[in-house]
Every structure is written in C-alpha cells, then in structure tokens.
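# Per-entry structural report
Given next are the chains, with one letter for each unit.
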Amino acid sequence: MVYVIVGIALCCLTVKGYCGKKTSCYVADTGDAYFFNLLRMLFCILIGIALVFLEGVQGHLLVEGGMLAICALSGASNAAFLVGWLLAIKKNSLVAVDVGLTLGSILPAVLCALLFAEPISGAKMLGFAMIVLATAVLAGHSKETAGGGVAGAALLLLAAVGDGLSGFAQQLYKQHYTAAGSLHGELTYPKTVYHFYTYVFAAALLFLVLGMWYLRRMHAARTKAHGDGAARPRARRPQVLLHIFVMAVCMFAANYFQTVATNDYGMSSQVLYPIIKGGCLITVNVTAVLFFGERITPRSVCGSLLALGGIVSMSVL
C-alpha cells in the first residue's frame, strides 16, 4: 500500500512539473516568480484550512513553539525551492532541473542518518548509488538539450537545497510531533495542521520578498532620468491561473502523501526521497519528450534505466 501512496505522490509531482514548465513561459522577471508562487501558496492555504475543518482538527491549530519552528523551516525551504525551480526551469531543460533536484534527496537522508540513527542497508546504498549515477548520466544529456550557465546552476542549487531541507523538516515533524516518532510523548499534531502552517509561512515569506522586490524596483525607476526602469503592466493570460491552481493542488497532494508514507507507514527518508526523485527522473524524461520536444538519446534511456534499477534495489531488495 505504501508504494501505491508513493506512486500517487509521484504522479502529482509529474503533473506539477508539466504545469510548472508551462507557467515558466509567463515569467518575465524575478517578481513574476515570486508573485506566481505566492498565488500558489494562497491556494494551498485555502486547501489546507478546508481539510483542517473537514477533519475536525481545528482545535490543534494552536501549536507550541517547537512545532511552529519546524513549520517555519518547512515553509522557508519550500519558498526557496519554488522560486528557484520556477526561475531555473526558464534557463534549463526540464530534465536538467530534475537531475539537480535528485541530488537534493541526499540532504534529508544524511541528516536523518546522523540525527535519528536511521539504518542504511547495503541494498539502500546500492540503489542510492544507482540513482546518483543516473543523475550523472542524465546531467550529460541535459547539457545537450539546454544549458543555463552559471545563473542556471545557481538557481538549480537553490532549488535542490530548498527541496532537501523541506524533506528534512518533514522528518523533524515525524520524529517530534507524530505518533510514529513521539519524541514529545503525547504531544502530536495532525498532518493537515503541519501542511497548513507550512504554506502559511511560505506565503508570508514570499509576500515579504515580493514587497521588497517591488520597493527596490520602484526605487530604481525613480533614480533613472527618463523612467526607463518603471514598472510596466503586463498582460497575463487566464491559462496561467489554471496552471498555478493545478500546481497548488498537486503540490499539496504530493507533500501530503509523502507525509503519509513516512509517518503512517514508516518509510525511511533513505528510501522515500531517492525513490521519489528517481521516479521523477523517469517521468520527467517522458514528459519532456511528449510535450516539450526534448530529444530521446541513448544517454537519456540509459539514465532512466539506471534510476529504475535504483528504485527496484531500494524498494524490492
């Protein structure tokens, strides 16, 4: 059952990636990346609070400081990941971005091994090594399809670190405030409350950064003699709102089902995140070929097969 749940999360991430690539076509500058992701977080907040009341757990919305700190880490890392991803996808191929994010799965795995003594078996190490090798193979493929230069690499690093820290925050929540970890005894909080506050913090941070960006842009416009830097209204097509809404639903669902897999079914971080990222390497390759005209090469096929082998090693062996 846990692999069915992980499969659903993987499907949601694939749809989110497709809509994200479409949305990136409307990103004219950094402010658009902040604004579009702020909209997505607001949609996620609405979904989250609706689920809180549907589950009848609104009494758990008053949380203690430690839980708020974990949610703040989750929100900040999600905001960094979202902005980095949306800007990186403009400068790199869809495959290149997913290759970079795969390396981010190392972060929660290593941190959880160090802090919570999660065991790493030989099969897990073999599978993880295969996924890292697949990443290296597909990185070469991505250079053939698109190159983002130094800026593209920096944005990929921001997205990968943000994604990795988001997974680590998920594990902190599991270890400290769920029945699966229960480091705080009986003090537990429902998954819907954790995700609701995650998106509240992410939205607050994006709102603050967007406001600072607009103030800086207005100041730059005033300092120019002829107002060349003044903000100009841009027409945004209605389709972008649909893509952002679908991305919000898929993001909320993917994160929620990953939490279910690790909290309710006990899947360790060394298995969950590499499988998610390795699976995305395969699905993103298919999406890139079918919808965005990226080429199939022997290198891309080899990389996908290596990722699949790594998933089998980690999940079956």
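Read on for an overview of the structure. (Residues numbered from 1 in each chain as written. Predicted model: local features only at pLDDT ≥ 70, side-chain atom pairs only at ≥ 80, totals over all residues. Heavy atoms only, no water.)

### Side note on the packing of helix α5 (residues 106-116) against helix α10 (residues 269-292)
Between α5 and α10, the shortest axis-to-axis distance is 8 Å and the interhelical angle comes to 180°. Comparing the axis directions of α5 and α10 gives the class roughly antiparallel. Of the residues in α10, those in contact with Pro 108, Ala 109, Cys 112 and Ala 113 of α5 are Ser 269, Gln 270 and Tyr 273. (Axes fitted to C-alpha atoms, helices over the stretch in contact; angles between N-to-C directions. Helix = DSSP H or I, 4+ residues; strand = E, 2+ residues; numbered from the N terminus. Parallel < 35°, antiparallel > 145°, perpendicular 65-115°, else oblique. Contact = heavy atoms within 4.5 Å.)

### Some details on the packing of aromatic side chains
Tallying each qualifying case throughout the model produces 8 aromatic pairs. A centroid spacing of 4.4 Å and a plane angle of 5° characterise the contact between Tyr 173 and Tyr 194, whose relative ring orientation is stacked. Here the residue Tyr 173 occupies a position in helix α7 (residues 149-177), and Tyr 194 occupies one in helix α8 (residues 191-223), the gap between them amounting to 21 residues. Note on Tyr 173: relative accessible area 1%, which makes it buried. When the centroid spacing of 5.6 Å and the interplanar angle of 50° are considered together, the rings of Tyr 177 and Tyr 189 count as tilted. In this pair, Tyr 177 is assigned in helix α7 and Tyr 189 in the loop between α7 and α8, connecting sequence segments 12 residues apart. On the basis of relative accessibility, which here comes to 2%, the residue Tyr 177 falls in the buried class. (Phe/Tyr/Trp six-rings, centres within 6.5 Å; stacked < 30°, edge-to-face > 60°. Buried < 20%, exposed > 50% of the residue type's maximum accessible area, 1.4 Å probe, protein only.)

### Looking at the environment of Gly 162
Looking at the secondary structure, you find Gly 162 in helix α7. Sequence-distant contacts of Gly 162, that is, excluding residues within four places in its chain, are made with Ser 77, Ala 80 and Phe 81.

### Here's the deal with a nonpolar patch on the surface
Together, Ile 296, Val 301, Leu 305, Leu 308 and Val 312 line one region of the surface with nonpolar side chains, adding up to about 450 Å² of accessible area. Assignment of secondary structure puts Leu 308 in helix α11 (residues 298-315). Overall, Leu 308 belongs to the partly exposed group, its relative accessible area being 42%. (Patch = residues over 30% accessible without salt bridge, like charges linked within 9 Å, V, L, I, M, F, W, Y side chains within 5 Å. Areas by Shrake-Rupley, 256 points an atom, 1.4 Å probe, with all protein chains shown as cover. Salt bridge = Lys/Arg side-chain N within 4 Å of Asp/Glu carboxyl O.)

### Digging into the packing of α8 against helix α9 (residues 238-263)
Interaxial distance between α8 and α9 falls to 11 Å at its minimum, and their mutual angle equals 135°. Accordingly, the angle class assigned to the pair α8 and α9 is oblique. Crossing handedness for the pair α8 and α9: right-handed. Across the interface between the two elements, Lys 191, Thr 192, His 195 and Tyr 199 from α8 touch Met 251, Phe 252, Asn 255, Tyr 256, Thr 259, Val 260 and Asn 263 from α9. (Left-handed = near helix turned anticlockwise from the far one by under 90°.)

### So, the side chain of Thr 259
Along the chain, Thr 259 falls in helix α9. Polar side-chain contacts of Thr 259 include one of 2.8 Å to the backbone oxygen of Asn 255. Look past the residues within four positions of Thr 259 in its chain and what remains in contact with it is Gln 170, Tyr 173, Lys 191, His 195 and Asp 264. (Polar contact = N/O pair within 3.5 Å; in protein donor to acceptor, adjacent residues only side chain to side chain.)

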